[in-house]
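# Structure at a glance
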There are 2 protein chains.
Amino acid sequence: MSEQRGLLIVVSGPAGSGKGTVLSELLRDGGYRYSVSATTRAPRQGEVDGVNYHFLSREAFEARIAGKEMLEYTEYCGNYYGTPRKEAEEVLASGQNLLLEIEVEGAANVKREYPEAVSIMLLPPSFAVQEKRLRGRGTETEEKIRERLLRAREEILHADEYDYVIYNHDGKSAEAVEDIRAIVRAERAALRRNPDVVKNYFA
Amino acid sequence: MSEQRGLLIVVSGPAGSGKGTVLSELLRDGGYRYSVSATTRAPRQGEVDGVNYHFLSREAFEARIAGKEMLEYTEYCGNYYGTPRKEAEEVLASGQNLLLEIEVEGAANVKREYPEAVSIMLLPPSFAVQEKRLRGRGTETEEKIRERLLRAREEILHADEYDYVIYNHDGKSAEAVEDIRAIVRAERAALRRNPDVVKNYFA
């Protein structure tokens, strides 16, 4: 089915979900591409334009919003974050699956614009484990940890707006990666994505 | 998620789809059970009651229909075929997935009674290949082949009533088995099967 358009896969995961590891595993599969987001925030040490982000001025970003060149965008802590539409469209047209790692609001925006997108929420097994994982890092102040937990809680309250919810049980990602592979495989076989199945069969 | 109820998986596949091989592969996985159907037709040489079928008299079968003891049933060539409900319920309650191999009409009946069932149509890659496979066996008369193709054609016209359509491309079953495994894994992660995901997360 190489003539099929790629799937747009939106993955959200709060702090402690191991989202980064899961997505880099998937990218190693082939058949998946990752969308480089655009942002107006300043590059951090070592970040490369076009690799970590497309770094844009506020004016340039707003011009792209106005020109409908952003598939989705959101403002967070005074900066814009968004997904350039052209890049995304190219990947999908080539038949590759496009992974978008975005937070809850962006995910909802994508689903509005692309109802055929598959949205997946990746969670630690429970809030108790999540808290333990965040504290276990030992690299952040109590205040920072509380802030991250609060934000995580808000995100998780939206988990039931996603198509799928998967869990990173052991923090090692293998099961969650397998879940996403299965979801993509199943979605490709779903009748709602293949309305011409009977016609094609007799062609 | 061992506390989860098993999935009721309905698989239909016309002649030449390789359904038998696919299902026996799946049963070797563990986690799947196969439902032994009941029938009023006479046992064929070598068939064992309770293994190949539960062989019932017409009166006994009709008493079970009246008592709502059949999850689904259909009449074909003057004989009843059906799935005993009690056995099916026990498997599902134990958390194991129940495989039902039934034809189009039975599948529609199951979906009416169990909307949460997952229905899968397994097909050869095309009608042309299907015909070739049936003829390639070289064991049947032309009349028998035509009859089987006609029946297959009728079944396939209903493919778009299924949740998923998968293909046995090479006749070797491995890809189709992988598809079913993926569908089951994805369905278990689907939000519609886990409505309490947020509540459970904070429990």
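Structure first, text after, so check above.
Reading guide: rules and limits
- Residues numbered from 1 in each chain as written.
- Chains lettered and ligands numbered in written order.
- Predicted model: local features only at pLDDT ≥ 70, side-chain atom pairs only at ≥ 80, totals over all residues.
- Heavy atoms only, no water.
- Axes fitted to C-alpha atoms, helices over the stretch in contact; angles between N-to-C directions.
- Helix = DSSP H or I, 4+ residues; strand = E, 2+ residues; numbered from the N terminus.
- Parallel < 35°, antiparallel > 145°, perpendicular 65-115°, else oblique.
- Left-handed = near helix turned anticlockwise from the far one by under 90°.
- Contact = heavy atoms within 4.5 Å.
- Nonpolar A, V, L, I, M, F, W, Y, C, P; charged D, E, K, R; others polar.
- Buried area = accessible area lost by both parts, 1.4 Å probe.
- Salt bridge = Lys/Arg side-chain N within 4 Å of Asp/Glu carboxyl O.
- Buried < 20%, exposed > 50% of the residue type's maximum accessible area, 1.4 Å probe, protein only.
- Arc of directions from axis to C-beta.

Moving on, we get to the packing of helix H7 (residues 174–189) of chain A against helix H7 (residues 174–189) of chain B. Where H7(A) contacts H7(B), the axes come no closer than 8 Å and their chain directions differ by 110°. When the axes of H7(A) and H7(B) are compared, the pair comes out roughly perpendicular. Every pair of crossing elements has a handedness; the one defined by H7(A) and H7(B) is left-handed. Contacts between H7(A) and H7(B) involve Glu175(A), Glu178(A), Asp179(A), Ala182(A), Ile183(A), Arg185(A) and Ala186(A) from the former and Glu175(B), Glu178(B), Asp179(B), Ala182(B), Ile183(B), Arg185(B) and Ala186(B) from the latter. Considered class by class, the residues forming the contact of H7(A) with H7(B) number six nonpolar, no polar and eight charged.

Contacts between the two partners involve 32 residues from chain A, matched on the other side by 32 residues from chain B. Of the roughly 2900 Å² buried at the junction of chain A and chain B (both faces included), carbon and sulfur atoms supply 68%. Counting the surface chain A buries against chain B, the share from its top three residues, Arg185(A), Tyr201(A) and Phe202(A), is 27%. Here chain A is connected to chain B by four salt bridges.

All names here are of chain B. What helix H3 (residues 85–93) keeps buried is the set Arg85, Ala88, Val91 and Leu92. Looking down the long axis of H3, one finds its buried residues gathered within 130° of arc, a one-sided arrangement. Facing away from the buried side of H3 by over 90 degrees, the exposed positions are Lys86 and Ala93. Looking at the buried positions of H3, the neighbouring elements they touch are strand S1 (8–12), strand S2 (32–34), strand S5 (70–76), strand S6 (79–84), strand S7 (97–101) and helix H4 (104–113). In the stretch just after H3, Gly95 is the one whose phi turns positive, near 90°.

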